[in-house]
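# Tertiary structure, described
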Amino acid sequence: MSVSLMLSIVAVTFAGAFTQATAGFGAPIIMLAFFPHWFPYSTSVTICHLIALASTLYLVIRYRKSVAWKTLLPVLALSLTIGTIATLFSLQVQSAVMTRALGFFLVAVALFFFLMPPDKKIKATVRNGIIAGSTAGICNGLFGISAPPTALYFMGALSEKETYMGTMQAFFLFSNLQSIIVRTAKGSLSGVPFLPILLGWISILLGTFLGQKLYRRLPLPVIKKIIYIFVALSGVWNIISST
């Protein structure tokens, strides 16, 4: 593994962790804009989720008393069930096709959050919970990203900032574990060196720690819009480079 690749992994995971620590989501979105250019598609998703475990576990422990389990569990159960089916389906599709599809998905995610009003919320109804859980399972199973539907749903269901953060991170923790178990059982980590995962863990913990320390001092709305533009451009790059 080259020094430039190692430095790239460190920089990308740090940026993803910093985003997740301030916004409650974002690490897989940032990482999966780059990882498919360095590893096969399913391997990229698996490594991304393995690295992200360090950040989500840290945040779950920190906000463990604020997790709204009654709100989380129905959405999580539905997401994990559908996510397993979607993951198994994605493993049957060629890596280049999934990378291209990921590019379109990243553009859609960036536009969704860029155009969504900051105070936009949806009601925490049973119907909306089913939609959020189902959509999150499909998105996580196919692309390793479940933030868009769950972020919107939990923002409407949970009024306290700490409760939102803790519940989101608990959702990501279990979603990542499900993805890792299924993909690893199908050989997605075969022959992958441990070094990029170790570097990712160190970088993502540092980014998470600094993000939690500095987020109150940063102009987050401006930073988020810059990130979404960057993610959209990365999605376009994925589309073009995989054709």
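Scroll up to find the structure this text is about.
Since we're looking at a predicted model, the values are computed, not measured.

Moving on, we get to the overall build of the protein. Counting secondary structure elements, the protein contains 10 helices and 0 strands. In sequence order, the secondary structure elements of the protein are arranged as α-α-α-α-α-α-α-α-α-α. When contacts within the protein are restricted to residue pairs at least 6 apart in sequence, long-range pairs at least 24 apart make up 84% of them. Here the protein displays about 11200 Å² of accessible surface, and carbon together with sulfur accounts for 72% of that area.

Here the focus is the environment of Ser 203. One can find Ser 203 in helix 9 (residues 195-214). Measuring from C-alpha to C-alpha, the distance between Ser 203 and Thr 13 comes to 6.0 Å, with 190 residues separating the pair along the chain. For Ser 203, the residues in contact, after removing those within four places along its chain, are Val 10, Thr 13 and Phe 14. In this structure the side chain of Ser 203 is engaged in a polar contact, spanning 2.9 Å, whose partner is the side chain of Thr 13.

Taking 1.5 Å as the rise per residue, helix 5 (residues 95-115) with 21 residues should run 30 Å; its terminal C-alpha atoms sit 30 Å apart, in good agreement. Turning to helix 5, its buried residues number three or more, namely Met 98, Thr 99, Leu 102, Gly 103, Phe 105, Leu 106, Val 109, Ala 110 and Phe 113.

Met 31, Phe 35, Phe 154 and Phe 171 are the most contacted members of the largest nonpolar core, which totals 61 residues. In terms of residues, this core owes the most to one element, helix 3 (residues 41-62), which gives 10 residues. Those residues within four positions of Phe 171 in sequence are excluded, and the remaining contacts are Leu 72, Val 75, Leu 76, Ser 79, Ala 136, Ser 146, Thr 150 and Phe 154.

Let us look at the packing of helix 3 against helix 9. Orientation of helix 3 relative to helix 9, taken along the N-to-C sense of each, is 35°, at an axis distance of 9 Å. Every pair of crossing elements has a handedness; the one defined by helix 3 and helix 9 is right-handed. For the pair helix 3 and helix 9, the contacting residues are Ile 47, Leu 50, Ile 51, Ala 52, Ala 54, Ser 55, Tyr 58, Leu 59 and Arg 62 in the first and Pro 196, Ile 197, Gly 200, Trp 201, Ile 204, Leu 205, Thr 208, Phe 209 and Gln 212 in the second. Tallied by class, residues from the contact of helix 3 with helix 9 come to 13 nonpolar, 4 polar and 1 charged.

Attention shifts here to the packing of aromatic side chains. Counted under the stated rule, the structure contains 10 aromatic pairs. Ring geometry for Phe 105 against Phe 143: centres 4.5 Å apart, planes inclined by 15°, an arrangement best described as stacked. Of this pair, Phe 105 sits in helix 5 while Phe 143 is found in helix 6 (residues 126-143), placing the two residues 38 residues apart along the sequence. This pair shows no difference in class: Phe 105 is buried, exactly as Phe 143 is. Taken together, the ring pairs in this structure connect Phe 34, Phe 35, Trp 38 and Phe 39 into an aromatic cluster.

Our next topic: the packing of helix 5 against helix 7 (residues 147-157). At their nearest, the axes of helix 5 and helix 7 sit 11 Å apart, and the two run at 25° to each other. Viewed along their axes, helix 5 and helix 7 adopt a mutual orientation that is roughly parallel. Here Val 109, Phe 112 and Phe 113 of helix 5 come into contact with helix 7, specifically with Ala 147, Pro 148, Ala 151 and Leu 152.

What counts and what doesn't
- Residues numbered from 1 in each chain as written.
- Predicted model: local features only at pLDDT ≥ 70, side-chain atom pairs only at ≥ 80, totals over all residues.
- Heavy atoms only, no water.
- Helix = DSSP H or I, 4+ residues; strand = E, 2+ residues; numbered from the N terminus.
- Contact = heavy atoms within 4.5 Å.
- Areas by Shrake-Rupley, 256 points an atom, 1.4 Å probe, with all protein chains shown as cover.
- Polar contact = N/O pair within 3.5 Å; in protein donor to acceptor, adjacent residues only side chain to side chain.
- Expected span 1.5 Å × (residues − 1).
- Buried < 20%, exposed > 50% of the residue type's maximum accessible area, 1.4 Å probe, protein only.
- Core = buried A, V, L, I, M, F, W, Y, C linked by side-chain atoms within 4.5 Å.
- Axes fitted to C-alpha atoms, helices over the stretch in contact; angles between N-to-C directions.
- Left-handed = near helix turned anticlockwise from the far one by under 90°.
- Nonpolar A, V, L, I, M, F, W, Y, C, P; charged D, E, K, R; others polar.
- Phe/Tyr/Trp six-rings, centres within 6.5 Å; stacked < 30°, edge-to-face > 60°.
- Parallel < 35°, antiparallel > 145°, perpendicular 65-115°, else oblique.

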